[in-house]
Amino acid sequence: MTTNAAPLAEADNARTRPTTLLSLVARYAGLLMLAFVPLIVMWNDPYWINILAYAYLFAALAGAWNVIGGFGGQFSLGHGVFFAIGAYTVARFYLDLGVTPWLAVFPAAALATVAAVLISWPTFRLRGPFFAIATMAINEVCFALANYTERMTGGPRGILIPFRAGFSNMIFAERWKYALLTFGFMCIVVLITVLLRRSRLGHYLLAIREDEDASRAAGIDVLKVKLVGMAVSAALTGIGGGIFAMYVRVLDPPTLFTLPDIGVKFALISLIGGIGTIMGPVVGALLIVPVENFLRGTIGGEIPGGHLIVLGIVFVCASLFLKRGIVGAFTEILHRIRNRTRP
Amino acid sequence: MTSTPFLVVDNAVRRFVGLIAVDTVSFSMERGEILSMIGPNGAGKTTMFNLITGQLSLSDGAITFCGERIEELPPHIRAQRGLGRTFQIAKPLVALTARENVMVGAFLHNRGFAEAFERANSVLAEVGLDMRADALAGELTLSERRRLEIARALALDPKLILLDEVMAGLNATEVTQVIDLIQRLNARGLTFFVIEHNLKVVRAVSRRVIVLDHGVKIAEGTATEVLSDPTVIKAYVGKRAG
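What you are looking at is a predicted structure, and each value in this text was computed from that prediction instead of being measured.

1. Here's the deal with the overall build of chain B
And step 1. Summing up its helical and strand segments, chain B has nine helices and 10 strands in all.
And step 2. A compact globule built from 242 residues should have a C-alpha radius of gyration of about 18 Å, and chain B, at 18 Å, falls within 12% of that.
And step 3. For the C-alpha atoms alone, the extent of chain B along its principal axes is close to 60 × 40 × 40 Å.
And step 4. Counting every position in chain B, which comprises 242 residues, the buried fraction comes to 47%.
And step 5. Put simply, 64% of the contacts in chain B that link residues at least 6 apart link residues at least 24 apart.

Listed below in structure tokens is the structure:
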């Protein structure tokens, strides 16, 4: 039958009107409330609340990565650089200039953005795996540099931020306050992603991911859009790095640059949760971070590094069978059900 | 033919290593016409399109569009100047819905989401895809993908659309639908430059036809003139026996 059969017109009328921004935000606010439940339940359990704070923070960081890695399709493995810049900037502003971390995250975001543009300009000429490898290499170069620039980073010994609890210091005695902070940051990232997904920039990033030639033919300045997407992503990653700095308060290069723990993890969380989806990074982080902790405690306790083997197998399986992640698989099922009701 | 030139291709040359794909081709188009380009496979038709829209750069020659030299401009600027195109192998953005595909084009002149959404809806209705607006582009049939390509180009509000074999692989009904669409849009003032193998389509839509063979323009004229030209027949079917 032809696709433009008239009788369906009535039924589809409702769909020709766009979902309003308000109802869209409400929908995601509802989902975020679900993610808030564990915080209410476990607020007084220091072990779990610690894991939860990490999970929220990494959900936000993976969400930041997802802007350019998921929507823009530029598989960066060098986001550890922006993360570290954010962490060092907040630490230096706080320790040397006495600037509260709440304000220091802004120069952190700005510097991460500058670094992102400098790194991306040459590397965006590379496509697919070559871009990923180049950004990974840049991460390793910065790792080495951080060990040498002792006046900035404290070198291999790192920077120690003394424990002085207080709201303006972003240092808290109660762990649940950190969890609340990282939850808030995660909500901001999700809100930005929702707005981005509807915006011109969001559509352009998706178009570039799908086909660069078609994008150019649609009037899109591919390099410029990629750079703006990378800048947004890096700025948010820098802020996340700053929050991380005030949370762990010990910043040495391995903590900030180790690929499996930082740069690659952002990508993996997005991959598991659903790359290029809004809630994917949140779902991925809330699953991966606790599971990783659990495995480290059980298998990792028996066989050193054993948890990494199990985690590696999980990732391989996910990339083989869950190409669009948990959220992707879920929306596909919804899509099928919705389409089944139509002839 | 003395009216202000719309598109002028002046001695266009494109060399690849060991091959001249387009060899000093010149022609011009008037606003509001439908020009067809035909020629055997490998004649340089798609290369010619890529030179006009900027996917490839000229080795020599000049291209003037609405009085402006465009051969040095990058493809996205040419699209912004009013050049829309489809690709021979359709390039649907498969993970996006049909509407989102068209919105990508519509965002060129509509900054806001709601405006782009509305614009995309009306373009989809124009090409007969309104019922499929929420389907993923990857789920569309070949005919729907071809119309989606046209829709994405139309959403740019172009002055000229270049269609690269949009009829290939379509059945007779679908071909008629697309011919109707082209004629309807043309009646509203849109100019078309069409690569087409189906000579019935060429006769139906275009007043003027140019013929390429081995990168050289071998004929130009009305469809009837060109299709009875011995050089053209020779290029297509080879030498007459005996």
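2. Quick word on the overall build of chain A
And step 1. When you go through chain A residue by residue, the secondary structure sums to 16 helices and two strands.
And step 2. Taken over C-alpha atoms, the radius of gyration comes to 21 Å for chain A, in line with the 20 Å a tight globule of 343 residues would show.
And step 3. Considered along the principal axes of its C-alpha atoms, chain A spans approximately 70 × 45 × 40 Å.
And step 4. Among the 343 residues that make up chain A, the fraction classed as buried is 45%.
And step 5. Relative to all contacts within chain A whose residues are 6 or more apart in sequence, the contacts with residues 24 or more apart total 76%.

3. Structural notes on the environment of Ile 179 of chain B
Residues and elements named next belong to chain B.
And step 1. Positionally, Ile 179 belongs in helix H6 (residues 172-187).
And step 2. On a C-alpha basis, the gap between Ile 179 and Met 167 in space is 8.9 Å, while along the polypeptide they are 12 residues apart.
And step 3. The residues touching Ile 179, leaving out its near neighbours within four places in the chain, are Val 201, Ala 204 and Val 205.

4. Observations concerning the domain arrangement of chain B
All names here are of chain B.
And step 1. Domains assigned within chain B are domain 1 (1-82 + 161-166 + 192-242) and domain 2 (83-157).
And step 2. Residue-level contacts link 16 residues of domain 1 with 11 residues of domain 2.
And step 3. Mapped onto the side of domain 1 that touches domain 2, the elements with two or more residues apiece are helix H1 (45-53), helix H2 (75-81) and strand E7 (160-164).
And step 4. Looking at the side of domain 1 that touches domain 2 residue by residue, the class counts come to eight nonpolar, four polar and four charged.

5. Regarding the interface of chain A and chain B
And step 1. Contacts between chain A and chain B engage 24 residues on the former and 31 residues on the latter.
And step 2. Secondary-structure elements contributing two or more residues to the side of chain A that touches chain B are helix H9 (200-210) and helix H10 (212-217) of chain A.
And step 3. Among the elements that take part in the side of chain A that touches chain B, H9 of chain A stands out by supplying six residues, more than any other.
And step 4. When the residues that make up the side of chain A that touches chain B are grouped by side-chain class, the tally is nine nonpolar, six polar and nine charged.

6. Brief notes about the packing of helix H3 (residues 98-106) of chain B against helix H5 (residues 142-154) of chain B
The description of two helices packed together rests on the angle between their axes and the distance between the axes.
Residues and elements named next belong to chain B.
And step 1. With their axes 7 Å apart at the nearest point, H3 and H5 run at an angle of 35° to one another. Crossing angle aside, the handedness with which H3 passes H5 is right-handed. Between H3, through Ala 98, Asn 101, Val 102, Val 104 and Gly 105, and H5, the contact on the second element is made entirely by Leu 148, Ala 151, Arg 152 and Ala 153.
And step 2. Residues of the contact of H3 with H5, tallied by class, amount to six nonpolar, two polar and one charged.

7. Describing the sheet that holds strand E8 (residues 191-195) of chain B
All names here are of chain B.
And step 1. The six strands lie next to each other as E6-E7-E8-E3-E9-E10, forming an open sheet whose pairing is mixed. If you trace the sheet from one side to the other, it starts and ends with strand E6 (83-85) and strand E10 (216-222), each paired once. On average, each strand axis in the sheet is inclined to that of its neighbour by 20°, with strand direction left out of account.
And step 2. The pairing of E6 with E7 spans three bridges and is classified as parallel. Its bridge partner lying in E7, Arg 85 is registered against Leu 162.

8. Some thoughts on the sheet that holds strand E4 (residues 60-65) of chain B
Residues and elements named next belong to chain B.
And step 1. With antiparallel pairing, the four strands of this open sheet are ordered in space as E2-E1-E4-E5. Only two strands of the sheet have a single partner each, and these edge strands are strand E2 (19-29) and strand E5 (68-69).
And step 2. Both E4 and E5 contribute to a ladder of two bridges, which runs antiparallel. Looking at E5, one finds that Phe 65 is bridged to Glu 68.
And step 3. Strands in contact with H1 are strand E1 (7-16), E2 and E4; relative to E2, the strand with the most contacts, it is inclined by about 65°.

9. Re the pairing of E10 of chain B
Regular strands place side chains that alternate from one sheet face to the opposite one.
Residue and element names in this part refer to chain B.
And step 1. Sheet analysis places strand E9 (residues 208-213) next to E10, joined by six bridges and oriented antiparallel. Bridge assignment links Asp 213 to a residue of E10, and that residue is Val 216.
And step 2. Hairpin remark: E9 followed by E10, antiparallel, with two residues in the connecting loop; positive phi at His 214, about 50°.

10. Structural notes on the pairing of E7 of chain B
Residue and element names in this part refer to chain B.
And step 1. Here E7 lies mainly inside the structure; five of its five residues are buried.
And step 2. Burial of the side chains of E7 extends over both faces: Leu 160, Leu 162 and Asp 164 are buried on one face and Ile 161 and Leu 163 on the other.
And step 3. Inspection of the sheet shows E7 paired to E8 by five bridges, in the parallel sense. Within the sheet, the bridge partner assigned to Asp 164 lies in E8 and is Ile 195.
And step 4. Tracing the backbone out of E7, into H6 and back to the parallel element E8 gives a crossover that is right-handed.

11. Let's talk about helix H11 (residues 222-248) of chain A
Residues and elements named next belong to chain A.
And step 1. Here H11 contains 27 residues, and its C-alpha end-to-end distance of 38 Å stays within 8% of the 39 Å for a straight helix at 1.5 Å per residue.
And step 2. In terms of residue burial, H11 counts as a mostly covered element, since 21 of its 27 residues are buried.
And step 3. Once H11 ends, the next one or two residues include Arg 249, with phi positive near 60°.

12. Here we look at the confidence of the model for chain B
And step 1. Looking at chain B, the pLDDT average stands at 92 and 97% of residues meet or exceed 70.
And step 2. Two summary scores accompany this predicted model of the complex, namely pTM at 0.92 and ipTM at 0.93.

The rules behind the values
Residues numbered from 1 in each chain as written. Chains lettered and ligands numbered in written order. Predicted model: local features only at pLDDT ≥ 70, side-chain atom pairs only at ≥ 80, totals over all residues. Helix = DSSP H or I, 4+ residues; strand = E, 2+ residues; numbered from the N terminus. Rg over C-alpha atoms; globule rule 2.2 N^0.38 Å. Buried ≥ 20, exposed ≤ 12 C-beta atoms within 10 Å, placed from the backbone. Contact = placed C-beta atoms within 7 Å. Domains from an automatic or database assignment. Nonpolar A, V, L, I, M, F, W, Y, C, P; charged D, E, K, R; others polar. Axes fitted to C-alpha atoms, helices over the stretch in contact; angles between N-to-C directions. Left-handed = near helix turned anticlockwise from the far one by under 90°. Pairing = 2+ DSSP bridges. Right-handed = clockwise from strand over helix to strand, strands pointing away. Expected span 1.5 Å × (residues − 1). pLDDT = per-residue confidence, 0-100.

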